[in-house]
Amino acid sequence: MATTSGAGHPLPYDTYREAIERETHRFAEAVRGADPAGAVPSCPDWTLAELTRHVGAVQRWFSALLTRRVQEPPRSREVELGLPEHERDLADWVAAGVPRVAAVLRDTDPGAAMWAWGEDQHARFWARRMLCETLVHRVDAEQAVGRESDVDPNLAADAVDEFLVNLPYAGLFAPGVTKLRGDGETVAFRCAGTGEEWRVRLDPDGFRLLPLTGGGPAPQPPTVAVVGAAADLLLLLYGRRSYQEAAFDVSGETAVLDRWFAHTAF
């Protein structure tokens, strides 16, 4: 499956490796000293302690998968976590995992074949996915403690691409995705300023990310289009924002957007 954004995605492997370290430390800084029982509005079922455990556990699990170069879906997600005794120490626990994660990523051949739940069946899938997880949850944590958040636009655009490329494969843990259907309607997500665009078509048998038209005829106008900054589009796709906010310019049939978001909770 080709992305509609074309050149520039995925990013170089070292970009993910370096950004994971930076984003993890930013996450730890955001939650350090905060009330572990504090609410996380963007993840309403979680406290800050639960969010922090999730981030640290996911990174350790991904690292275990990379170390073993798994070739088939793992039967268990159990991994040695080394959780601290007190929840107030969870931020330091997340930060303490950074050297191990960095070493695993540094020692991994990004082109090594291995199982992944998404499209790209290579080790590099997990580095890209780990960055997206950490980045979005860093924003969750900052907003929960009342901090302003910023997201590098290049990372944000790549995370939008990663989300849309892998969404058709996400039914295992996001079952609503498997029920996303249509009659040929198209949804366009476009980055303001750069014009970078991803276009998805909803068909009776599912949905698909459309390839670039290349030198061919211009595509038909989408059924509905959402234009916004890359960071805003990323948070919109992850359900952290609403397309009705002033940050987005929406044109077309919003009922199609409502159907999209009703089935793509990730």
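The model shown is predicted, which means the values in this text are computed figures rather than measured ones. All chains use their own residue numbering, which begins from 1 and follows the written sequence. Totals for whole chains, interfaces and linings use all residues, but because this is a predicted model, local features are given only for residues with pLDDT of at least 70 and pairs of side-chain atoms are given and counted only at 80 or more. Derived side-chain values reflect all non-hydrogen atoms in the structure, with water molecules and hydrogen atoms excluded from consideration.

Whether parallel or antiparallel, the strands of a sheet pair through hydrogen bonds between backbone atoms. Here the rule is simple: two strands pair whenever DSSP picks up at least two bridges between them. To qualify as a helix, a DSSP run of H or I must reach at least 4 residues; to qualify as a strand, a run of E must reach at least 2; elements of each kind are numbered from the N terminus. As summarised here, the arrangement of the 5 strands in space is β3-β2-β1-β4-β5, forming an open sheet in which the pairing is mixed. The strands lining the two open edges of the sheet, one partner per strand, are β3 (206–209) and β5 (249–252). Ignoring which end each strand starts from, the neighbouring axes of this sheet average 15° apart. Pairing geometry for strand β1 (residues 185–191) and strand β2 (residues 197–203), over 6 bridges, is antiparallel. From the neighbouring strand, T186 faces β2, where its bridge partner is R201. Contacts are residue-level and defined by heavy atoms, with any inter-residue pair within 4.5 Å sufficient. Fitting a line to C-alpha atoms yields each axis, with helices limited to the stretch in contact; the angle taken between N-to-C directions then spans 0 to 180 degrees. Where helix α7 (residues 230–237) meets the sheet, its contacts fall on β1 and β4 (224–228), and the angle it forms with β1 comes to roughly 140°. Packing of helix α8 (residues 254–263) onto the sheet brings it into contact with β1, β2, β3, β4 and β5, and relative to β1 it is tilted by some 85°.

Residue placement: E197 occurs in strand β2. What qualifies as a polar contact is a pair of N or O atoms within 3.5 Å, subject to a donor-acceptor requirement within protein and to the restriction that residues adjacent in sequence count only when both atoms come from side chains. Here the side chain of E197 touches R190 through a polar contact of 2.6 Å, side chain to side chain.

With 95% of its residues at a pLDDT of 70 or more, the protein has an overall mean of 94. This stretch, residues 1–5, has a pLDDT under 50; its non-local contacts, to residues over four places away or in other chains, come to 26 contacts. Confidence scores labelled pLDDT are given residue by residue by the predictor and lie between 0 and 100.

As a further point, take the nonpolar core. Counting residues in each nonpolar core, the largest one holds 66 residues, and the members touching the most others are W126, L164, F207, L234 and W260. Per element, the largest residue contribution to this core is 9 residues, and it comes from helix α5 (residues 124–144). Residues in contact with L234, not counting those within four places in the same chain, are L135, V136, A156, A159 and V160. Counting 14 residues, the second largest nonpolar core, distinct from the first, contains F27, V55, L90 and V94. Joining through side-chain atoms within 4.5 Å is the link that ties buried Ala, Val, Leu, Ile, Met, Phe, Trp, Tyr and Cys residues into a set, and such a set is a nonpolar core. The cut-offs for exposure are 20% and 50% of the maximum accessible area for each residue type, with area from a 1.4 Å probe on protein chains only; residues under the lower value are buried, those over the upper are exposed, and the others partly exposed.

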